Amino acid sequence: MTKLFIFHITPVMHIMSEGAFESLNLHLPFNGQLLNYILAGNCLAHILSSIAKEVLLENAHDIVKKIRDSIKYVTTSVPHEEKFLVLKKQLQVPSEIRNIFLDDQTQWNTTYQMLVAASELKQVFSCLDTYDSEFNKQAPSMEDWKQVETLCAHLKPIFDTAYILATTTNPTANIFFHEVSRIQGDMSGGITNEDPFVSNLARTMLEKMNRYWKNCSLTLATAVVMDPRYKMRYIEFSFTRIYSEEEAPTCMYQFRWLMIESTSSIDQEYFTMPSPLAPNYAEEFDAYIMKNLMT
């Protein structure tokens, strides 16, 4: 009688010698692919933090500084802050809109939140620019605000994923795959954008994420297939969002080969059985399934 053992690995940040990793590799199934899950960029949270910091410090350093200086101008002077609040009231800004605040420059997530808050109040800053000649000298332009919105849009998936990982008691490989594939799909579309700021931003983020994806995608996808809620169809759907039409079939072939070789004791019908909708991209996933059922 064949037994199927199911276990989990908790990746850690501790430094391990190359010999120790080689020894561990000999005891892992899936041709050592699970070792990639431990090694890839140390961990997903670390990769996300690294991406966000590089974007904020290099790609968007000037625009972030300009927004930070604008907020500092308002919040470090009582008369300036009072004028800002008066304008905010006159413009009838909804009460649920958060107030501006300065970030902790050692914590990228606070910088993202600072930019979001400032962007929501850009109208007030624009009016302050009109009424205050001193602020006018350093006020962000409309093009600056456009870049802030673009920056926030690209950082939002990173922020949301980091939040999920931080607030989930025991994050699993399933969660990693859903979130990473979502980020990969979102970033891939930005590379061909005609706006150089957008394309450079997407390229910087994608290069780092690709390293994690290259090392971990097959292992993470394996965990998703073994989950009866998703199986192979969700992998196919995710790969079509991430890879080009030419690359997707090759990647699926490699993954199927890994699954067949590593799980020969499991009924192969399991991997092709119908599965319910996945929580992320439910509408797109539904359309993908219907299209393939009709062909």
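Scroll up for the structure.
Structural notes, computed from the coordinates. (Residues numbered from 1 in each chain as written. Predicted model: local features only at pLDDT ≥ 70, side-chain atom pairs only at ≥ 80, totals over all residues. Heavy atoms only, no water.)

**A few points about helix α4 (residues 61-75)**
In a regular helix each residue adds 1.5 Å, so 15 residues correspond to 21 Å; α4 covers 21 Å between its end C-alpha atoms and thus fits that length. Elements in contact with the buried residues of α4: α3 (44-59), α5 (78-90), α6 (108-120), α7 (122-131), α8 (133-136) and α9 (142-167). (Helix = DSSP H or I, 4+ residues; strand = E, 2+ residues; numbered from the N terminus. Expected span 1.5 Å × (residues − 1). Contact = heavy atoms within 4.5 Å.)

**Brief notes about the environment of I242**
Summarising the element assignment, I242 is placed in helix α12 (residues 231-242). A relative accessible area of 10% places I242 in the buried class. In sequence terms I242 and M187 are 55 residues apart; their C-alpha atoms lie 8.9 Å from each other. For I242, the contacting residues outside a window of four places in its chain are S181, Q184, G185, S188 and W213. (Buried < 20%, exposed > 50% of the residue type's maximum accessible area, 1.4 Å probe, protein only.)

**Topic: the packing of α4 against α5**
In the contact formed by α4 and α5, the axes pass within 6 Å of each other and the chain directions differ by 100°. The angle between the axes of α4 and α5 places the two elements in the roughly perpendicular class. Where α4 abuts α5, its residues Y73, V74 and T75 lie against H80, E81 and F84. When the residues that make up the contact of α4 with α5 are grouped by side-chain class, the tally is three nonpolar, two polar and one charged. (Axes fitted to C-alpha atoms, helices over the stretch in contact; angles between N-to-C directions. Parallel < 35°, antiparallel > 145°, perpendicular 65-115°, else oblique. Nonpolar A, V, L, I, M, F, W, Y, C, P; charged D, E, K, R; others polar.)

**Side note on the packing of α9 against helix α10 (residues 173-190)**
It is the contact of α9 with α10, at a shortest axis distance of 10 Å, that shows an interaxial angle of 175°. Relative to α10, the element α9 is oriented roughly antiparallel. Facing P157, I158, D160, T161, I164 and L165 of α9, the residues of α10 in contact are I175, F176, E179, R182, I183, D186 and M187. Residues that form the contact of α9 with α10 fall into these classes: eight nonpolar, one polar and four charged.

**So, unusual backbone geometry**
The phi angle at Q92 is positive, at roughly 55°, despite the residue not being glycine. Locating Q92 in the fold gives a position in the loop between α5 and α6. On the basis of relative accessible area, Q92 is assigned to the exposed category, the value being 69%.

**What about the pattern of salt bridges?**
With the rule as written, the count across this model stands at ten salt bridges. In this structure, K65 and D69 form a salt bridge, with 2.8 Å as the shortest nitrogen-oxygen distance. With K65 and D69 both in helix α4, this residue pair falls four residues apart, about one helical turn. One salt bridge in this structure joins K83 and D132, with 4.0 Å as the shortest N-O distance. Residue K83 is found in helix α5, and its partner D132 is found in the loop between α7 and α8; the two are separated by 49 residues along the sequence. With a relative accessible area of 7%, D132 lands in the buried category. (Salt bridge = Lys/Arg side-chain N within 4 Å of Asp/Glu carboxyl O.)

**Quick look at the environment of N200**
In this structure, N200 sits in helix α11 (residues 196-226). Accessibility expressed as a relative area gives 39% for N200, which makes it partly exposed. As a C-alpha pair, N200 and N59 span 141 residues in sequence and 7.7 Å in three-dimensional space.

**Some thoughts on the packing of aromatic side chains**
Centre distance and the angle of the planes are the two values used to describe a pair of aromatic rings. Under the criterion given, the structure shown has eight aromatic pairs. Between W108 and F159, the aromatic rings sit 6.4 Å apart at their centres with planes inclined by 90°, giving edge-to-face as the arrangement. Separated by 51 residues along the polypeptide, W108 in helix α6 and F159 in helix α9 bring together distant segments of the chain. The rings of Y73, F84, F125, F135 and W145 are connected pair by pair, giving a single aromatic cluster. (Phe/Tyr/Trp six-rings, centres within 6.5 Å; stacked < 30°, edge-to-face > 60°.)

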